[in-house]
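Survey of secondary and tertiary structure
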Amino acid sequence: MSLFTSPLAEEIAPDLLERFQRYVRVDTQSRRDGEGSPSTPGQLDLSRMLVDELKAAGLADAQLDDKGYVMATLPATDGATAVVGLLAHVDTSPDAPGAGVEPIVHRAYAGGTIELPRNGTVLDPAKMPELAGKEGHDIVTSSGDTLLGADDKAGVAEIMAAVAHLAAHPELPRPTLRIGFTPDEEIGRGALGFDVERFGAVCAYTMDGSTVGELQDETFTGVEAIITIHGIDVHPGFATGKLVNAARLAGRLLAALPPDLSPEATSGRQGFIHPYEVSATTGQAVIRAIVRDFDEDLLQSHIALLRTTAEEVVGSEPRARLEVDVRRQYPNMRSHLAPFPEVVEAAERAIRSEGIEPLRTPIRGGTDGSLLSSMGLPTPNVFTGGHEYHSVREWASVQDMAAAAATIVRLAEVWSQR
Ligand SMILES: [Zn+2]
């Protein structure tokens, strides 16, 4: 029995897998402190490869711009007027080693643990319920000492394989498809240099989700808070009655934050306050925290809580000084997608026609689509079939990636009728 969702998925799978294995070998890790766009030159290596492959598939206008964005067009078949975008990001996460990826295909997974050859890395279905359900699938992993890069090269390979399939089959109905590959999504800059006007699509889909069937039109609203505490630094031998220790105040502030409002204690639709980086000396302490919620009012109350806690703790020492700088990172895409229900509906139809039940889950994070939707390009997120992102245990099912590629072909058909 085939575990592919359709003969179409099975037909696309070999080309998809071949592309995926080629793309993950390119080191495209982005860097938070990297200057310019893209933040690392390796991303351009993959982007150039994609431009060449798009041209080879017949997308003659494929082009890499000076900020590292790839755009290309697959013209519509007769009569279709819509212009629809397909997006994926070429960079991989800075949070796990990303150079020297050597993918391994575990054919017809028999169940049980998968032991990778390096670093003693083990994929244990007892800890990974998603993997437990994939018996019989072909599972792709890294060699254990790097991430795999399915986030988001699964999405890149799915778009490339689907577009190549459509280009080779002009009898399949499709709208004008605009293809976009973006840099630096993992460091929150993916949408910043994206030229929505030049892209020229009425809507787009990021192929950047996970579990098969996922269709996401709701993300956190993301805010970063930078809290700076100024103390008074005096030689400890002469400090009596003079020294004000900013490091101690930072510690008290962290301890005063409610533990139940943390990422580790929340799930589903609950938001959180997450201090993720602290640097402190006697004279100055800086706490960087992210604040998240789906609901704007709740988000504002989390920010207010963080601010008043900081004011109370630091205010207990009148000679200390406090600065709180709150920066918006990305908005919940939902309010920007709501006026265009046909965008999500089309994806639901496409997923169903691939024989999959759509899974509507909110994203506890942001995607390129969060900002793009607010920039006027309604962009929900679609599954890719990859799991355990940003870790050396990252894996992807060939059958599920093929289902995503086939869903793109179905999506083209849905939009050809509009
Ligand atoms: Zn991603």
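Please refer to the structure placed before this passage.
So, here is what we can say about the structure in this document.

What counts, and at which threshold
Counting of residues starts from 1 at the beginning of each chain's written sequence and follows it residue by residue. With the structure being a predicted model, the display of local features is reserved for residues of pLDDT at least 70 and the display and counting of side-chain atom pairs for 80 or more, all residues being used for whole-chain, interface and lining totals. Side-chain metrics in this entry use all non-hydrogen atoms of the structure; hydrogen atoms and water are not considered. Think of the donor list as every N, O and S atom within 2.8 Å of the metal, or within 3.2 Å for Na, K and Ca; water never makes the list, so a site can look incomplete. Any coordination sphere not matching a tetrahedral pattern (four donors, all angles between 85 and 135 degrees) or a square planar or octahedral pattern (four or six donors, opposite donors over 155 degrees apart, other angles between 65 and 115) is reported as irregular. When two rings of Phe, Tyr or Trp (its six-membered ring) have centres within 6.5 Å they constitute a pair, described as stacked for plane angles under 30 degrees, edge-to-face for angles over 60, and tilted for the intermediate range. Numbering of helices and strands runs from the N terminus, with a helix taken as a DSSP run of H or I at least four residues long and a strand as a DSSP run of E at least two residues long. Relative accessible area decides the class of each residue, using a 1.4 Å probe on protein chains only: under 20% of the type maximum gives buried, over 50% gives exposed, and in between gives partly exposed. For a Lys NZ or an Arg CZ to count as sitting over a ring, it must be within 6 Å of the ring centre and within 35 degrees of the ring normal.

1. Some points on the coordination of the zinc ion
Put simply, a metal with four donors set out as a tetrahedron has ideal angles of 109.5 degrees, and one with six donors set out as an octahedron has ideal angles of 90 or 180 degrees. The protein atoms donating to the zinc ion are H89 (NE2), D151 (OD), D208 (OD) and D208 (OD), with metal-donor distances spanning 1.9 to 2.7 Å. Relative to the metal, the four donor atoms surrounding the zinc ion lie at angles of 52 to 148°, and the coordination shape comes out irregular.

2. Some remarks on the packing of aromatic side chains
Here the distance between the centres and the angle between the planes together describe a pair of aromatic rings. The full count for this structure, using the stated rule, is four aromatic pairs. Residues Y69 and F194 carry aromatic rings whose centres are separated by 6.0 Å and whose planes lie at 65° to one another, so their mutual orientation is edge-to-face. Of this pair, Y69 sits in the loop between β1 (63-64) and β2 (70-74) while F194 sits in the loop between β8 (176-182) and α5 (196-199); the two residues are 125 residues apart in sequence, bridging distant segments of the chain. By relative accessible area, which is 4% here, F194 ends up buried. For the pair F194 and F199, a centre-to-centre distance of 5.0 Å together with 65° between the ring planes defines the contact as edge-to-face. Each member of the pair F194 and F199 is classed as buried. Here the aromatic residues Y69, F194 and F199 are joined through ring pairs into a cluster of three or more. A cation over an aromatic ring shows up here: R269 above the ring of F294, its NZ or CZ 5.8 Å from the ring centre. Above the ring of W415, the side-chain terminus of R418 is found at 5.3 Å from the ring centroid.

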